[in-house]
Amino acid sequence: MGQLNASIVPVTPFQQNCTILFDMDDRQGVVVDPGGDIDKVLAALEDNAITPGAIWITHGHIDHAGGAMELKEALGIEIIGPHAADRPLLANLETQAKRYGITDPVRNCVPDRFLAEGETVSFGSHVFEVLHCPGHAPGHVVYYNRAAKFAHVGDVLFRGSVGRTDLPGGDHTALIASIKEKLLPLGDDIGFICGHGPGGRFGEERRSNPFLI
């Protein structure tokens, strides 16, 4: 098994971390949350000689899923995730675009497969457990690789902060429960990439994140 690696491509006016997860040896991987600027995502894949086998979505907000259908058509690969509770958000991405004044092409997203708590997804030998972590969005999922001690947490947790809950479907109590009951128990040494800004480790967030103390 080659080393798991990640390349981040900031996309959309929201500077969302579209993340390419890939194996260092065989260059196979997946694209997580292609929110837009698909030309940049395709260029990153080509420049790094990475072959993606699927698109993984953490949740149904426009900056995370707005370019998924375009990327699916460009690469001929499936869209997997999030949890089915985000189906209404994915079906209204075009409306979200108008609300935020986004003029780049955005299309409603229809995943090939929704995910549920306890399932796994993988590429090559890299297996990720699916954790349903509502609060920021009803169907938000986190992708956790136990072997690599790594999680892609989307907009559930940030360095020094947590996901906003003032958007439709947001629930602050549920968000904090998702973090404290599902993420932090995985261990202080788990590294994470989040949807915006720099990542970190769960231990540092447990000790110093003002929303979790």
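Further up the page is the structure itself.
A short tour of the structure in this document, coming up. (Residues numbered from 1 in each chain as written. Predicted model: local features only at pLDDT ≥ 70, side-chain atom pairs only at ≥ 80, totals over all residues. Heavy atoms only, no water.)

The tally for this structure, following the rule as stated, stands at eleven salt bridges. The partner of Glu-129 in a salt bridge is Arg-146, and the shortest N-O contact between them spans 2.7 Å. Taken together, the residues Glu-129 in strand β8 (residues 126-132) and Arg-146 in the loop between β9 (141-145) and β10 (150-154) connect sequence positions 17 residues apart. Given the relative accessible area of 24%, Glu-129 is considered partly exposed. Residues participating in the shared-partner salt-bridge network are Asp-188, Glu-204, Arg-206 and Arg-207. (Salt bridge = Lys/Arg side-chain N within 4 Å of Asp/Glu carboxyl O. Helix = DSSP H or I, 4+ residues; strand = E, 2+ residues; numbered from the N terminus. Buried < 20%, exposed > 50% of the residue type's maximum accessible area, 1.4 Å probe, protein only.)

As for its position among the elements, Asp-39 is in helix α1 (residues 38-47). Exposure remark for Asp-39: the relative accessible area of 56% places this residue in the exposed category. Spatially, the C-alpha atoms of Asp-39 and Ala-74 are 10.0 Å apart, while their sequence positions differ by 35 residues.

On a regular strand, one side chain projects to one face of the sheet and the next to the other, so that they alternate. Taken across its five residues, β10 has five buried, putting it largely inside the fold. Note: β9 against β10, three bridges, orientation antiparallel. Directly across from Asn-145, in β10, lies its bridge partner Phe-150. Between the antiparallel neighbours β9 and β10 lie four residues, among them Lys-149 with a positive phi of about 55 degrees. Strand direction decides the pairing type here: β10 and strand β13 (residues 191-194), joined by four bridges, are parallel. From the neighbouring strand, Phe-150 faces β13, where its bridge partner is Gly-191. (Pairing = 2+ DSSP bridges.)

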